[in-house]
Structure formats: C-alpha cells, structure tokens
Amino acid sequence: MSQSNVADHYRRNLRGEVITINDRYLRPADVAQKCGMHRTSLYRLMDKGQFPKTHKISSGRVVWLEADIEEFMRLGSEKFQEIYGNKQVNN
C-alpha cells in the first residue's frame, strides 16, 4: 500500500489534518460545559451540520476533538455550518 493510501485511513480533524496522539479528546459533558449548552443541544446542532461530529472511540463511547470544538466556538454555529456543514463525515 502506498504512503498516500495509508494516510487515507487515519481519522482527521475538521481542517483535514490527521489526528495525532497529541490531540485532546473531550467527553460530551466536558463539551457541554465548555460551550455553555446542554448535551441535547449539542446533538441537535450536530444533526443540522452546525456542530462538529463526534468520533467513536469504543462501543457506546463518543468524544469530540478539542481543536474542533475551539473552531466551532471561534466561528459560531451559522458560520460553522457554512464552512463545514456539508464536509463532515461521521466517523
């Protein structure tokens, strides 16, 4: 398998960068607190494409990348959807 094909199998953040061991994962409760929203609101926005998608790390456990949440907070939900809404792929 060529080097480019191997890289295609790695998870990536919103900006398309490969996730490394240095990236920090946040649990749903941590994201809700950081964003000042209820967890239900996070999932509603996510379903509309206005919030970053989760990453499944094991059976029944999902997390968000801290860098993705910071990008959302920087942009706001409407601008986030405009830039990333159609590009997100559920991992």
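Structural data are supplied above this passage.
Below, the structure is looked at part by part. (Residues numbered from 1 in each chain as written. Predicted model: local features only at pLDDT ≥ 70, side-chain atom pairs only at ≥ 80, totals over all residues. Heavy atoms only, no water.)

What about the nonpolar core?
The biggest cluster of nonpolar side chains holds 15 residues, and the ones touching the most others in it are V31, C35, L42, F51, W64 and I69. Among the secondary structure elements, those contributing two or more residues to this core are α2 (28-35), α3 (39-47), α4 (66-75) and α5 (77-84). Apart from residues no more than four positions distant in its own chain, I69 is found in contact with L26, V31, K34, C35, F51, P52 and W64. (Core = buried A, V, L, I, M, F, W, Y, C linked by side-chain atoms within 4.5 Å. Buried < 20%, exposed > 50% of the residue type's maximum accessible area, 1.4 Å probe, protein only. Helix = DSSP H or I, 4+ residues; strand = E, 2+ residues; numbered from the N terminus. Contact = heavy atoms within 4.5 Å.)

Quick word on α4
Within α4, burial applies to E66, D68, I69, E71, F72 and L75. Among the structural elements, β1 (25-26), α2, α3, β2 (55-58), β3 (61-65) and α5 are those in contact with the buried residues of α4. Backbone geometry just downstream of α4 places G76 in the positive-phi region, at approximately 90°.

A short note on the sheet that holds β1
Neighbouring strands of a sheet are bound in pairs by backbone hydrogen bonds; such pairs are parallel or else antiparallel. If you walk across this open sheet you meet the three strands as β1-β3-β2, and the pairing is antiparallel. Among the strands making up the open sheet, the edge pair consists of β1 and β2. As judged from the three bridges shared by β2 and β3, these two strands associate in the antiparallel manner. Its bridge partner lying in β3, S58 is registered against R61. α4 rests against β1, β2 and β3 of the sheet, and its axis sits at about 55° to β3. (Pairing = 2+ DSSP bridges. Axes fitted to C-alpha atoms, helices over the stretch in contact; angles between N-to-C directions.)

A short note on the environment of W64
Position of W64 relative to the elements: it lies in strand β3. On the accessibility criterion, W64 (0% relative accessible area) is buried. Between the C-alpha atoms of W64 and L26, which are 38 residues apart in sequence, the distance is 5.2 Å.

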